[in-house]
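Results of the structural survey
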Amino acid sequence: MKFHITTFGCQMNVHDSQWLTAALESRGWEESGEDDAQVYILNTCSVREKPEQKVYSELGRVAAHLKRDENVFAAVGGCVAQQVGEGFFDRFPFVRLVFGSDGIAGAPNALERIARGTDDRVALLDFTAGFAEREQPEKLSALVPDTRQAFVNIMQGCDNFCAYCIVPYTRGRQKSRHPDVILDECRRLAENGVREITLLGQNVNSFGLDKGGAGVTFAGLLRSVAAIDGVDRLRFTTSHPKDIAPEVIAAFGELPNLCPSLHLPMQAGSDRVLKAMRRRYDTTRYLSIVDGLRAARPDISLTTDLIVGFPGETEEDFRQTLAMVERVGFESSFSFKYSDRPGVAAVNMEPKVDPLEASDRLLRLQALQNNITRKCLKELMGVNTDALIEGLSRKQDGPASSWKGRDPAGRIVNVPMEQDAGLEGMIVPVTIVEAKKHSLNGERTGEPW
Ligand code: SAH
Ligand code: SF4
Ligand code: F3S
């Protein structure tokens, strides 16, 4: 069987798609281009209205492919599948499997049954009580790319119910994975060549604090993963500011392979708005975390998520967000216009911000961010660092091939090197020689290893 997966959304979805690919490849299935696929899988995101709309337009678009052969079918997974469920069967008759966040564990077998003709339609939408462990695929290539970077889930779901957010409804309650299983998976990946691990969860700082907890905190887990042989780089996402422990902050100064970067979603810089968002921290607390992180690791690169136009946000509130962005000096940020999601608390909050006003705020915020990003990157001129090579750069200029890598903080570094193949997954010592708008140029200063 040939299958094609399209993925929207966060890194958890990217990783879920990798796992599904690996599980299907272990059954002898083959990943293919869209035109050849016999099964078309869509892994969806529901966090704002736009990505949700994309799912319907994408299904409309592929309907043409699917109609050419009645044996060709589609499966919809991820957060929109969890939200809409069997509604997909009515709207799109060629969809024969829907699977949610926990249901994905059963998706490979369900796909096999449908392909064999044993089952016609399957819905895997139930939430499980604990973390739904998935089979460990025999064929690892989809989980261990040439870049030697891998994701590892440490938990599922979220208990925070921020007023704007649909994730607790689509991913269910927080469920930590057992630390032993996480460590086994990390070791297996490292033994198979992985050198960079990113631990994933919607709220990693509260790892172990739910019923699935086994007495190991997130700081404890970080230490154990960092100690695994072969893990040269360790990252994690996402971190909620309210739950970050002093031990996690300290770890940035103590664990040499813990990368000097942290994505710490701030959402807003007005205490009034943060309260309405139910974030349960204020700007004073946020700034004290930032100070702590910089004391532990002065070169740490901080990035964030921001929402503009949350119901009730005034011009003054928005200016406080601008002021905080400037004060913290985020190296980059993802910023979004508030988008109403079904069932979340903010749907009923008033007054809604005029969409044109929200668009204007977004532009102003992004202009400020671009200036700060440029300044941060300029300060790196002349710095000696290293880059983990991910592939050839998009732009090739000059006689040598240009390779794209990432420094320990995750910044893109383009490096010219003679060799035109086989450098993916190598770490190259570099000096930063040029700062571009969103990336750096480096010069090789030593042998790749
Ligand atoms: N677990 C992560 C967030 C995951 S959602 C955390 O707590 O930080 C990713 C980002 O999408 C959020 O940080 C937020 O900035 C944005 N977001 C979530 N719901 C949104 C909504 N309804 N409208 C606009 N942006 C939203
Ligand atoms: Fe959504 Fe808040 Fe949970 Fe993040 S912490 S996933 S923003 S509810
Ligand atoms: Fe989107 Fe679900 Fe991730 S809503 S951001 S795919 S948790």
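Above: the structure in question.
Figured I'd write up the structure that's included with this text. (Residues numbered from 1 in each chain as written. Chains lettered and ligands numbered in written order. Predicted model: local features only at pLDDT ≥ 70, side-chain atom pairs only at ≥ 80, totals over all residues. Heavy atoms only, no water.)

Description of empty space enclosed by the protein
Across all of its chains, the model carries three cavities of 30 Å³ or more by this definition. As for the largest cavity, its lining consists of 18 residues, of which His15, Trp19, Gln136, Arg177 and Glu185 are closest to the centre. Along the lines of polarity and charge, the residues of the lining of the largest cavity split into eight nonpolar, four polar and six charged. Looking at the lining of the largest cavity, you find at least three residues from each of domain 1 (2–124) and domain 2 (144–259). (1 Å grid on protein atoms, 1.4 Å probe; cavity = no way out; pocket = protein on both sides within 12 Å on 5 of 7 lines; lining within 4 Å. Points joined across faces, edges and corners; volume = space filled by probe spheres on them. Nonpolar A, V, L, I, M, F, W, Y, C, P; charged D, E, K, R; others polar. Domains from an automatic or database assignment.)

Thoughts on the site of ligand 3
Ligand 3 sits among Cys10, Asn13, Thr44, Cys45, Ser46, Val47, Cys79, Val167, Arg171 and Gln202. Of the residues assigned to the shell around ligand 3, the class counts are five nonpolar, four polar and one charged. Taken domain by domain, the makeup of the shell around ligand 3 includes at least three residues from each of domain 1 (2–124) and domain 2 (144–259). (Near = heavy atom within 4 Å.)

What about the site of ligand 1?
Near ligand 1 there are 15 residues, and of these Tyr164, Gln202, Gln267, Asp305 and Ser339 occur at the shortest range. Here Asp305 contributes a side-chain N or O atom positioned 2.6 Å from an oxygen atom of ligand 1. Take Ser339: an N or O atom from its main chain is 2.8 Å from a nitrogen atom of ligand 1. Here ligand 1 has 540 Å² of accessible area as a free molecule, and 91% of this is covered by the chains. Along the lines of polarity and charge, the residues of the shell around ligand 1 split into six nonpolar, four polar and five charged. (Polar contact = N/O pair within 3.5 Å; in protein donor to acceptor, adjacent residues only side chain to side chain. Areas by Shrake-Rupley, 256 points an atom, 1.4 Å probe, with all protein chains shown as cover.)

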